[in-house]
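Observations on chain architecture
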Amino acid sequence: MAVAEAQLYAKVSNKHRGRSTSALLEPLLAKGFPAHIAQKALVATGQKTIDDAVKWLHSHCNDPSLDDPIPQEYALYLCPTGRLHSRLQDFWKESKRQCGRNRAHEVFPHVTLCDFFPCEDQKVELLYDILKQVGDSFSQSFPPSLSLTLHASPSYLGFFIDDSQANVLKEFAVAFSSEASALADCHVKPSLKQFHLTLAHRFYPHHQKTLEQLAKCINPGEPCQWVAALYSRDMRFVHYQRLRALFQYKPQNIDELMIKAGDLIHVDPTQQSDASEGWVIGTSHRTGCRGFLPENYTEKAHESDTWVKHREYVFDAGSRSFPKAEKEPNVKLNGEAHNLSMSRSVTNVLSLQNAALRRGVLVLRHGERVDQVFGKSWLQQCLTADGKYYRADLNFPSSLPRQKDSMKLFECDPPLSCCGIFQSRLIGEALLDQEVTISYVYSSPALRCVQTAQHVLQGLKLNQKVRIRVEPGLFEWTKWEASRAIPNFMTVAELLEASYNIDTSYRSIFPLSSLVPSESYEDYVSRSSVVIKQITTACPSKGRGVILIVGHGSSLASLTRALAGLPSRDSRDFAQTVRKIPSLGMCFCEEQKEENKWQMVNPPVKTLTHGANAAFNWRNTILED
């Protein structure tokens, strides 16, 4: 247990706990739940209904922390509602699509009145009373509308509130803080800095122009009713990452976590060393239980997704007048003025900006490789005594391409499994369904990558039209090669003999001889940067033509970040990122020609998720006693 957490346990345990006579608490006590656990359930569900609390208690029946005395943390936010809130949500969505996630996406639009503070479970109802009393006392002096002014810097974008109006908000926050400290024994710090509503924070500087253009689509004078809302969070997981389950997972082992679609999972990034590749250790927000779960069953969630809304005070807008703009503001997109009355939706306005056809680069990791399923000794499992290949399992390829030297070369350059072939073709079919036009295909010289490219093209029905350019510079970081040597890849002649559709006229950017074993991370990053920039330069624009690059897990991080002008990751962070990338994982970059840059956006198709299928021996399983 952390020192700070231990101190908190001691502090809370030594305090006198007065029993509340809450109308919601009594029925829970009558059902036989201990008072401190019943109060915890009520607080965890926002003290809304008895049914919510009972459901929470049943879900947390195996929660090892159920008796822990650590309270929740609370924050008081001023939140917009109505049309302004809708416009802000449009901005949230579009800024994430165009520029990726930034720190502001973790929380909904708000103005911080009082930052997070702990409050004992049995005193939370006092906070509700205080919020109402203080709200009533400020209901007449609260500004009828807030004047919002856009402010931008290289790492921050948001609306600042007019000083005279901000002073009223500060007085409100101080009043709530004073009452909460006196009546609920809480140490509450009111926000006294410049009051603001953040739109974007901690973004890459080259995204500033795009974000500002999006922000100017928001009319801050939109009708809005402001509410002061009280939220809580579990203070144990403040510094954790949050994941959302996409699918149900039933544990196969005792140390695995049961999850349902939609479940939120708390993951401590510092405690993942015991997890195998593709797995994480997490704690379920729904049940409180902890265990291993497959990472590809999840997606990133936002910080506020696990928060609980308790009570809110609505500042009555009945007597408030909202000035109507005499003229709708114009926004310049690509040098042309567009009137926002055509559509109040930021997304619709920006569709004008995206109308032009753009080039794209799709970077794809290869499909499932045979040694990923059967281990490094896979070749020994399917060689006869005289050295001939046979299919020991249906997931082994039906045959291996012919190599002039030795079949043992496949140990360092393994082919796709049969499932990997199927996966690759499925991705091609999905791209065809989405009418994605692949104009050029580049592949790492690794056999698994060439095979993936070939079967993607088959799914696209382009295998006779587009040839594969084998580029040695796309091979993965050579430091990760277990043999500490560059594999003996199949030659172009051998690939052609095996019926792979190779572009024999292509001259590689990096000759195979230039690859060195155990290269430094800096050399690998530099090689990736040179390769991706020369590839995009060498491929002229063909309308919305897409360049497909089939590489390795490392390719998704090293190529796309270099193309988008993002700094390379630390080598340790890079390794952690790559181990999370599944077979056929993909990233997509779109050219912003008018701004002379590339930008990462959502890929045109979803990635492929599936479960494991273990080997089955009917004799040992069915007949064993």
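First, a word on what this report is: a plain description of the structure on this page. Remember, predicted model here, so these are calculated numbers, not experimental data.

1. Side note on helix α6 (residues 124–138)
For α6, with 15 residues, the first-to-last C-alpha span of 22 Å sits near the 21 Å given by 1.5 Å per residue. When α6 is considered as a whole, its buried residues turn out to be V124, L127, Y128, I130, L131, V134, G135 and F138. For α6, the buried positions fall inside an angular range of 165° around the axis, keeping them on one side. For α6, the exposed residues lying more than 90 degrees away from the buried face are K132 and S137. In this structure, the buried residues of α6 make contact with α3 (35–44), β1 (72–80), β2 (111–119), α7 (163–183), β6 (226–234) and β12 (308–314).

2. What about the sheet that holds strand β5 (residues 196–201)?
Strand order in this open sheet of three strands is β3-β4-β5, and the pairing throughout is antiparallel. Of all strands in the sheet, those bounded by a partner on one side alone are β3 (148–153) and β5. Across this sheet, the average inter-strand angle for adjacent strands is 20°, counted without regard to direction. Summarising the sheet, strand β4 (residues 156–161) and β5 pair through five bridges and their orientation is antiparallel. Each bridged residue has a counterpart across the sheet, and for L157 the counterpart in β5 is A200. Set on the sheet, helix α5 (residues 82–99) makes contact with β3, β4 and β5; between it and β5 the angle comes to about 20°.

3. A word on the sheet that holds strand β17 (residues 468–470)
Strand pairing in a sheet is mediated by backbone hydrogen bonds. Such pairs are either parallel or antiparallel. Ordered by their spatial adjacency, six strands build an open sheet running β17-β16-β18-β15-β19-β20, and the pairing between neighbours is mixed. On the outer flanks of this sheet lie β17 and β20 (597–601), each paired with one strand and no other. Between one strand axis and the next, the sheet turns through 25° on average, direction left out of account. Two elements, strand β16 (residues 438–443) and β17, share three bridges in a ladder whose sense is parallel. Residue S443 lies in a different strand from β17, and its bridge partner there is V470.

4. Comments concerning the side chain of Q165
Within the secondary structure layout, Q165 lies in helix α7. The buried category is assigned to Q165, whose relative accessible area is 15%. Excluding residues within four positions of it along the chain, Q165 makes contact with P143, S145, L146 and S147.

5. A word on the pattern of salt bridges
Scanning all chains against the criterion turns up 22 salt bridges. Between E222 and R83 there is a salt bridge; the shortest N-O distance is 3.2 Å. Placement of the pair is E222 in the loop between α8 (208–215) and β6 and R83 in helix α5, with a sequence separation of 139 residues. You can call E222 buried: its relative accessible area is 3%. For R83, a relative accessible area of 43% corresponds to the partly exposed category. Of the charged contacts, one joins E94 and R97 as a salt bridge, the two residues approaching to 3.0 Å between their closest N and O atoms.

6. Regarding the packing of α6 against α7
As a packed pair, α6 and α7 sit with axes 10 Å apart at the nearest point and diverge in direction by 145°. In this structure, α6 meets α7 at a crossing whose hand is right-handed. On α7, the residues touching L126, L127, I130, L131, V134, G135 and F138 of α6 are V168, E171, F172, A175, F176, E179, A180 and L183. Taken together, the residues of the contact of α6 with α7 break down into 12 nonpolar, one polar and two charged.

7. Quick look at unusual backbone geometry
Positioned with a positive phi, D185 is a non-glycine residue whose angle comes to about 55°. The backbone phi angle of E435 is positive, close to 60°, even though this residue is not glycine. Within the fold, E435 resides in the loop between α12 (418–433) and β16.

8. Description of the packing of aromatic side chains
Summed over all chains, the structure comprises 29 aromatic pairs. Judged by centre distance (5.1 Å) and plane angle (75°), the rings of F237 and Y240 are edge-to-face. Overall, the relative accessible area of 9% leaves F237 in the buried class. Between W480 and F574 the ring centres are 5.7 Å apart and the planes differ by 20°, which places this aromatic pair in the stacked class. Of this pair, W480 sits in the loop between β17 and α14 (492–497) while F574 sits in helix α17 (residues 571–578), and the two are 94 residues apart along the sequence. We classify W480 as partly exposed; its relative accessible area is 33%.

Cut-offs used in this document
Residues numbered from 1 in each chain as written. Predicted model: local features only at pLDDT ≥ 70, side-chain atom pairs only at ≥ 80, totals over all residues. Heavy atoms only, no water. Helix = DSSP H or I, 4+ residues; strand = E, 2+ residues; numbered from the N terminus. Expected span 1.5 Å × (residues − 1). Buried < 20%, exposed > 50% of the residue type's maximum accessible area, 1.4 Å probe, protein only. Arc of directions from axis to C-beta. Contact = heavy atoms within 4.5 Å. Pairing = 2+ DSSP bridges. Axes fitted to C-alpha atoms, helices over the stretch in contact; angles between N-to-C directions. Salt bridge = Lys/Arg side-chain N within 4 Å of Asp/Glu carboxyl O. Left-handed = near helix turned anticlockwise from the far one by under 90°. Nonpolar A, V, L, I, M, F, W, Y, C, P; charged D, E, K, R; others polar. Phe/Tyr/Trp six-rings, centres within 6.5 Å; stacked < 30°, edge-to-face > 60°.

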